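# Summary of structural features
Each chain is listed here by its residues.
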There are 4 protein chains.
Amino acid sequence: MIRVGIIGAGGFAGGELIRLADQHPELELTFLGGSSSVGRRPAELHPGLRMDLGLTVEDADTDLTGRCDAVFLATPPETSARLAPVLAEQVACVIDLSGAFRIRTPELHHRWYPKAERPGGLADRFVYGVPELVGDQLTGASLISVPGCYATAITLGLAPLTDLGLTLRTVVVDGKSGSSGSGQKLRTGGLHPYRNGAITPYAPAGHRHAAEVRDFFDHGKPGTIGSLSMSAYGVSHVRGLLTSSYVFTDDEIDARELQRAYLRFYKGHRFVRVRRHNETMIPVPDPQAVVGSNYCDVTVVPDPEGERIVVLSALDNLLKGAAGQAVQALNRRYSLPEETGLTMQPLMPT
Amino acid sequence: MIRVGIIGAGGFAGGELIRLADQHPELELTFLGGSSSVGRRPAELHPGLRMDLGLTVEDADTDLTGRCDAVFLATPPETSARLAPVLAEQVACVIDLSGAFRIRTPELHHRWYPKAERPGGLADRFVYGVPELVGDQLTGASLISVPGCYATAITLGLAPLTDLGLTLRTVVVDGKSGSSGSGQKLRTGGLHPYRNGAITPYAPAGHRHAAEVRDFFDHGKPGTIGSLSMSAYGVSHVRGLLTSSYVFTDDEIDARELQRAYLRFYKGHRFVRVRRHNETMIPVPDPQAVVGSNYCDVTVVPDPEGERIVVLSALDNLLKGAAGQAVQALNRRYSLPEETGLTMQPLMPT
Amino acid sequence: MIRVGIIGAGGFAGGELIRLADQHPELELTFLGGSSSVGRRPAELHPGLRMDLGLTVEDADTDLTGRCDAVFLATPPETSARLAPVLAEQVACVIDLSGAFRIRTPELHHRWYPKAERPGGLADRFVYGVPELVGDQLTGASLISVPGCYATAITLGLAPLTDLGLTLRTVVVDGKSGSSGSGQKLRTGGLHPYRNGAITPYAPAGHRHAAEVRDFFDHGKPGTIGSLSMSAYGVSHVRGLLTSSYVFTDDEIDARELQRAYLRFYKGHRFVRVRRHNETMIPVPDPQAVVGSNYCDVTVVPDPEGERIVVLSALDNLLKGAAGQAVQALNRRYSLPEETGLTMQPLMPT
Amino acid sequence: MIRVGIIGAGGFAGGELIRLADQHPELELTFLGGSSSVGRRPAELHPGLRMDLGLTVEDADTDLTGRCDAVFLATPPETSARLAPVLAEQVACVIDLSGAFRIRTPELHHRWYPKAERPGGLADRFVYGVPELVGDQLTGASLISVPGCYATAITLGLAPLTDLGLTLRTVVVDGKSGSSGSGQKLRTGGLHPYRNGAITPYAPAGHRHAAEVRDFFDHGKPGTIGSLSMSAYGVSHVRGLLTSSYVFTDDEIDARELQRAYLRFYKGHRFVRVRRHNETMIPVPDPQAVVGSNYCDVTVVPDPEGERIVVLSALDNLLKGAAGQAVQALNRRYSLPEETGLTMQPLMPT
């Protein structure tokens, strides 16, 4: 059994990590850390969790040497930037779900996460944890940075295109997310009367996950993406997001070949489902068809006008976009079958 | 492995049964039956389901001799009334999720299900499948009738009171359910614009699940319940229901004793969680804290005015209120641990 | 023109009062008061409001002598209890939307509003502002207390029964409300992820609006109501509420006569619509059919089992349940046609 | 008084037209036409409407000579294409809310509305009814085509840019709409369980409203727009839409000048509100801040990266996107003040 700790136990991602760890056959949950939730039991914080989990939340700064093999950080970027170097000395593997170590390029990181200062060079030691795209880098990794929810969706959607050798001259991303993506911060705009019925343009002209995507591709295949801009909207449900990437390329593309290329690229990767737009009774991808699972559904649709490629990705922002992908990365880290503890299927309708 | 068939594969309960059977370690799904969905693959009908389930829907009237050990009927009452006697000759166990065999008393059945005529005496051979309340009757049963979603919630809520020997002079039940309880029937009132934002009094002065509850208690402990009336409302979410039972009794009750009696009554029954109203960060029971699981959360609150007992029950109408309870009953039928294949925890927030 | 002020301009009811005052042909809005919102313009606080309203919020304690003829208090009970006596010296009419002066009986008031201490005897000078039920008491009134949202619905639902001379032995009220009823208080449970999909039993065994209803009937017709208990639930939409009153009486009732009695009782009262349950394409009453209007839809359904009368009332909690009724009461106060400025019809679908 | 008829009385837009006509001081509603709703009263079809409207629905093909001065067609494109030429002989003004006469270019029309064949040349006689952009063309017009809901939002958003003389090289539009935009057609995907929680990519790579926008600008200022592509999504609320137009231009733009240009362009047009993104307590534009009104809120945000201009437009799809704009156009037709009967402010929160 791998002994795991979860810091940030009171948040949404923390709650999902507790749930997943509890149902994972190879994990033993040995530590919960928090700040305002210290002393509370998990089912008090997350009323859905089973009531007989035998842990209470402890101080986030507890020394975990000897208590945990791996630690998940479901904390704000500032906290992760502070805790990760400390924990790296105490446990074999630190898996950070925040944005503290996602962007390698220091200037770019500083621009989007000005408060999350991190030790020089530490970011380079983190593996970017989108398991489908980083080969075997995760095996044995001691530091893993879990991608942002939007970034996961966008990156998984674009990777088959860059793999084809296409140059993506202009990429325009429109992201739409449910309210759980905003966490539990108390703000008037987050109250139910203001979010229900809303299409809130909360990041109308720029989002840090775009910088993250950009940085990822630039480290892998510099020059592949020309410009990449993003806007993000909060819509009127709770869980699940959809990203629409409108891709303009000067390269020749064969519409029929695109679908095959996507299928080929993700062959053997069970958590990415390449789907045709009209293959089911409701159009896909739609977050409602992945909620509760670790799936990312991806659909590519060439515009019949011939001028752009539309790539749509849907995932559960708390699972494949956070806690689920974190556990998937841990499975890879420990050379377990990727789907261990993650076989739950979507809950639909919900 | 127990070979199971599911008839009514296209509906919501059918979809949940497929999902549960697929994740159940002791079940092998060998048959899907339907009518309008014949020839379709499960993932076409239920876009959330994994895409590589190797079955297609066949005709509901297929002879299942030798193909299935147990068959779930997720069909309308009329269909179940017709198919159950036929299937009883073909397979070892028929588990009906409809209302066709829930009410034993023929007159009462006929009043609420006038179109679901059933062979004389057949209803008496069915075990009423609320596992927590029927002792070991399910072991080896060949015919099981899964209770209605509301009926399950009400019955689990009231049973500890009747067990205390109380006479429930007057019980007033108010049921509130999400839209998945209405199934997929195409009606204008079921369209999103009419259901979103609604509190629809669809059964303002009487509901057949009240007759079912009444019938159950009268067969067990005649005279325990005086009058039991019910009203039901559709509210603005999809999955999960809450029943409020306002109980008036002339017997003496000790408020502190009530909570203990509930805890004692459900000791060892993992799917019923007896919860205090204020024990978590949001008031419970609330369907949102059970959605995706097979739990029924029950809370008893004596009115401080002393004149009534308020009993609240929350469950996922498609799981503990339908497919989950059906699998739980099947587990009991085959003497498997009750929770086999049903260990998924609530998905919250959703 | 009647010069009006609104104190509590930042809240939901305050926002609705601004909107209604602005569209009212006989009102001139001359003062907005608040605390945390001082210095803000209405459209900043309520983004829907037209942007050229020429006022900014001032301190709630401003002396309004000579500036306003009437003042609406859309403030918490404690604030209203403090401000009402002061304003009574400054303006001709104070209309309080809080609970500070609704319950006349001092002991009962103290029990439910322990923090809203009010000057002895002041409550007796307030007219309880449900215009349909208080005859001409509102004409020229200097102090008006606007009933609670639930209380309005329940009282309008029960009044025709007591008018028939029936003794209502036992009344069980189940209230279901959207999230706008909780105002803008920052609480974790009020965040969208926790309220969406919820049926929250926030007042499972007692609600102060029940005490208010009780007090109203006891002052009018003592002994008419035996016991009256209430439970209240928050459901998954924003605006509108439904109350279900389950009435048990020992008196003889004629089902057909009931409907006629309701129609007769509300003849000439345009804001109460007596509706048959099945008269439209969706069952009524349903808050969705009154949202945006000052209507209260009322339906009476005798239980076919003969043992109870079900009375359902639906209204927009911010209009007929708050700001709309306040303006209606002001119209009566100034002998304007009751519907002046209140002719807007429901916005459906929404 | 202008005598008006409404054909298509049973649909959502028809219901809104009835409501608006009823509250309009210069209109007299003299005819309601329909097909399946013949013989029904308005309040049966639209339970929100006041119950004493003295009309019933008649056959859509009734001769209206002498009964109506103007007729609104809230009918499918095929029906409008058939009825408009007939009605043009009977009444002074026909206002069509369908897509039958929006696109002038015959080939383009045929491609997007293949079933709505229209008499040659008739489309050229229609005035495109977006009142803010067509000067005084509406005055005295006998045939008016009301723009599509998305098209209205997009066109109002882009017009100030083309007015500046900019060439919009590439425009990428992402439209997000509530479920009322889909009307009352009975489809499984339109049921509440499937639409709630969804982000449905129902038109992922092309929408006919984009063709409409294109056609409008090409008739006004050919060459102004290079490419214009659109994708459309259904999200989890009922009323209101947002369009995001991502504009790429090679022309020099001054960020500060843009906002001023928008304000200048819409000066005096009360139904278009040019708003800064952060000017209120929630980000705007957001449909929730316009629902229930005839406003279109427009915000322009230059991307700080300098490469694109983001233009956001929000409106109520049933009002400024349909019935409200139709009445606004009629007001212009009859030289009434534009806002006559349309002064209702947004209903927020809802």
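Okay, so let's go over this structure. All chains use their own residue numbering, which begins from 1 and follows the written sequence. Chain letters and ligand numbers both follow the written order, the letters beginning at A and the numbers at 1. The predicted origin of the model limits local features to residues at a pLDDT of at least 70 and limits the giving and counting of side-chain atom pairs to 80 or more, whereas totals for whole chains, interfaces and linings rest on all residues. Derived side-chain values reflect all non-hydrogen atoms in the structure, with water molecules and hydrogen atoms excluded from consideration.

### Digging into the sheet that holds strand S12 (residues 272-274) of chain A
All names here are of chain A. Pairs of strands are assigned from DSSP output, requiring at least two bridges between the strands. Numbering of helices and strands runs from the N terminus; a helix is a DSSP stretch of H or I covering at least four residues, while a strand is a stretch of E covering at least two. One open sheet holds the 7 strands; their spatial order is S9-S10-S8-S11-S14-S13-S12, and the pairing between them is mixed. Each edge of the open sheet carries a strand with a single partner, namely strand S9 (200-203) and S12. This sheet shows a mean twist of 25 degrees between the axes of neighbouring strands, independent of strand direction. Relative to strand S13 (residues 296-302), S12 runs parallel, the two sharing 3 bridges. Each residue of the ladder has a partner; that of Val274, found in S13, is Val298. Axis definition: a line fit to C-alpha positions, over the contact stretch in the case of helices; interaxial angles, taken between N-to-C directions, run 0 to 180 degrees.

### Topic: the interface of chain D and chain B
Accessible area lost during the coming together of the parts is what is often quoted as the interface size. Whether two residues are in contact is decided by their heavy atoms: any pair within 4.5 Å suffices. Opposite the 19 residues of chain D that make contact, chain B presents 19 residues. Interface area for chain D against chain B, summed over the two sides, is near 1,700 Å², with a carbon-plus-sulfur share of 67%. When two parts are brought into contact, each loses some accessible area as probed by a 1.4 Å sphere; the total of that loss over both is the buried area. Interface area lost by chain D to chain B is led by Leu186(D), Leu191(D) and His192(D), which between them contribute 37%. Salt bridge, as used here, is a side-chain nitrogen of Lys or Arg placed within 4 Å of a carboxyl oxygen of Asp or Glu. Summed over the shared surface of chain D and chain B, the result is 0 salt bridges. As used in this structure description, the phrase polar contact means that two N or O atoms lie within 3.5 Å; if the pair is within protein, one of them must be able to donate a hydrogen and the other to accept it, and residues adjacent in sequence are counted only when both atoms belong to side chains. The interface formed by chain D and chain B includes 6 residue pairs in polar contact (both at pLDDT 80 or more). Residue type decides the class: Asp, Glu, Lys and Arg count as charged, Ala, Val, Leu, Ile, Met, Phe, Trp, Tyr, Cys and Pro as nonpolar, and the leftover types, Gly among them, as polar. Considered class by class, the residues forming the side of chain D that touches chain B number 7 nonpolar, 9 polar and 3 charged.

### With respect to the state of the cysteines
Here a disulfide denotes one covalent bond, and it connects the sulfur atoms of two cysteines. Residues and elements named next belong to chain A. The term disulfide is used for any two cysteine sulfur atoms that are within 2.5 Å. With the rule as written, the count across this model stands at 0 disulfides over all chains. Cys296 supplies the cysteine sulfur nearest to Cys149, a cysteine that is in no disulfide, at a spacing of 11 Å. Any residue under 20% of the maximum accessible area for its type is buried, any over 50% is exposed, and the rest in between are partly exposed; the area is computed with a 1.4 Å probe on protein chains only. Owing to a relative accessible area of 16%, Cys149 belongs among the buried residues under this scheme.

### A word on the relation of the copies chain D and chain A
The operation relating chain D to chain A is a screw motion whose rotation component is 180 degrees, with 0.0 Å of axial translation and a residual RMSD of 0.0 Å. Classification of the inter-copy transformation places it as that of a two-fold axis. Across chain D, the smallest distance between a C-alpha and the rotation axis is recorded for Ser236(D), namely 2.6 Å. Comparing interface residues between copies, 100% of those in chain D also sit at the interface in chain A, which points to an isologous, same-surface contact. A least-squares fit on C-alpha atoms brings the copies together, and the residues used are those whose pLDDT is at least 70 in both copies.

### Details of helix H5 (residues 149-163) of chain C
Residue and element names in this part refer to chain C. In this scheme, a helix's expected span is set at 1.5 Å multiplied by one less than its residue total. In this model, H5 (15 residues) spans 22 Å end to end at C-alpha, consistent with the 21 Å of a helix rising 1.5 Å per residue. Maximal helix bending in H5 amounts to about 25 degrees, located at Gly157; proline Pro160 follows within four positions. Counting buried positions over the 15 residues of H5 gives 14, a clear majority of the element. Gly165 sits one or two positions beyond H5 and adopts a positive phi of about 90 degrees. The angle between axes fitted to the seven residues ending at a residue and the seven residues starting there is what we call the bend at that residue.

### Some words on the sheet that holds strand S5 (residues 93-96) of chain A
Residue and element names in this part refer to chain A. One open sheet holds the 7 strands; their spatial order is S3-S2-S1-S4-S5-S7-S6, and the pairing between them is parallel. Edge strands, defined here as strands with exactly one partner in the open sheet, are strand S3 (58-59) and strand S6 (127-128). Across 2 bridges, the pairing between strand S2 (residues 27-34) and S3 is parallel. For Gly33, the partnering residue across the bridge sits in S3 and is Glu58. Across the face of the sheet, helix H1 (residues 12-23) comes into contact with strand S1 (2-7), S2 and strand S4 (70-73) while running at roughly 165 degrees to S1. Running at roughly 155 degrees to S4, helix H10 (residues 319-333) makes contact with S1, S2, S4, S5 and strand S7 (143-145) of the sheet.

### Description of the relation of the copies chain D and chain B
For these two chains of identical sequence, chain D goes onto chain B by a turn of 180 degrees and a shift of 0.0 Å along the axis, with RMSD 0.0 Å. A share of 100% of the interface residues of chain D reappears at the interface of chain B, consistent with the copies meeting face to face through the same patch.

### Focus: the interface of chain D and chain A
The interface of chain D with chain A comprises 52 residues on the first partner and 52 residues on the second. Counting every contact that joins chain D to chain A gives 4 salt bridges. Note that Asp174(A) and Lys176(D) form a salt bridge whose closest N and O atoms lie 3.0 Å from each other. Where chain D packs against chain A, one counts 24 residue pairs in polar contact (both at pLDDT 80 or more). Looking at the side of chain D that touches chain A, the elements with two or more residues in it are strand S8 (168-177), helix H6 (192-195), strand S9 (200-203), strand S10 (225-234), strand S11 (241-249), strand S13 (296-302) and strand S14 (309-315) of chain D. In terms of residue count, the dominant contributor to the side of chain D that touches chain A is S10(D) (6 residues). Looking at the side of chain D that touches chain A, its residues break down into 30 nonpolar, 14 polar and 8 charged.

### Some remarks on the pattern of salt bridges
Overall, the coordinates contain 104 salt bridges over all chains when judged by the stated rule. The closest approach of N and O atoms between Arg3(A) and Asp69(A), which form a salt bridge, is 2.9 Å. Note that Arg3(A) is positioned in strand S1 and Asp69(A) in the loop between S3 and S4, a separation of 66 residues in sequence. Residues Glu44(C) and Arg40(C) are paired through a salt bridge, measuring 3.2 Å at the closest nitrogen-oxygen approach. Relative accessible area serves as the criterion here: at 31%, Arg40(C) is assigned to the partly exposed category. Through salt bridges with shared partners, a single ionic network connects Glu16(A), Arg19(A), Arg239(A) and Asp316(A).

### Remarks on the side chain of Gln325(A)
Residues and elements named next belong to chain A. Mapped onto the secondary structure, Gln325 falls in helix H10. One polar contact links Gln325 to Thr152, side chain to side chain, over a distance of 3.0 Å. Ignoring anything within four residues of it in the chain, the contact list for Gln325 reads Gly129, Val130, Pro131, Glu132, Val146, Pro147, Thr152, Asn294, Leu319 and Lys320.

### Some details on the pairing of strand S4 (residues 70-73) of chain B
Residue and element names in this part refer to chain B. Burial along S4 is two-sided: Ala70 and Phe72 and Val71 and Leu73, pointing in opposite directions, are all buried. As paired strands, S4 and strand S5 (residues 93-96) are joined by 4 bridges and run parallel to one another. Each bridged residue has a counterpart across the sheet, and for Phe72 the counterpart in S5 is Ile95. Seen with its strands pointing away from the viewer, a crossover is right-handed when the path leading from the first strand over the helix to the second is clockwise. What joins S4 to S5 is helix H3 (residues 77-88), and the crossover it makes is right-handed.

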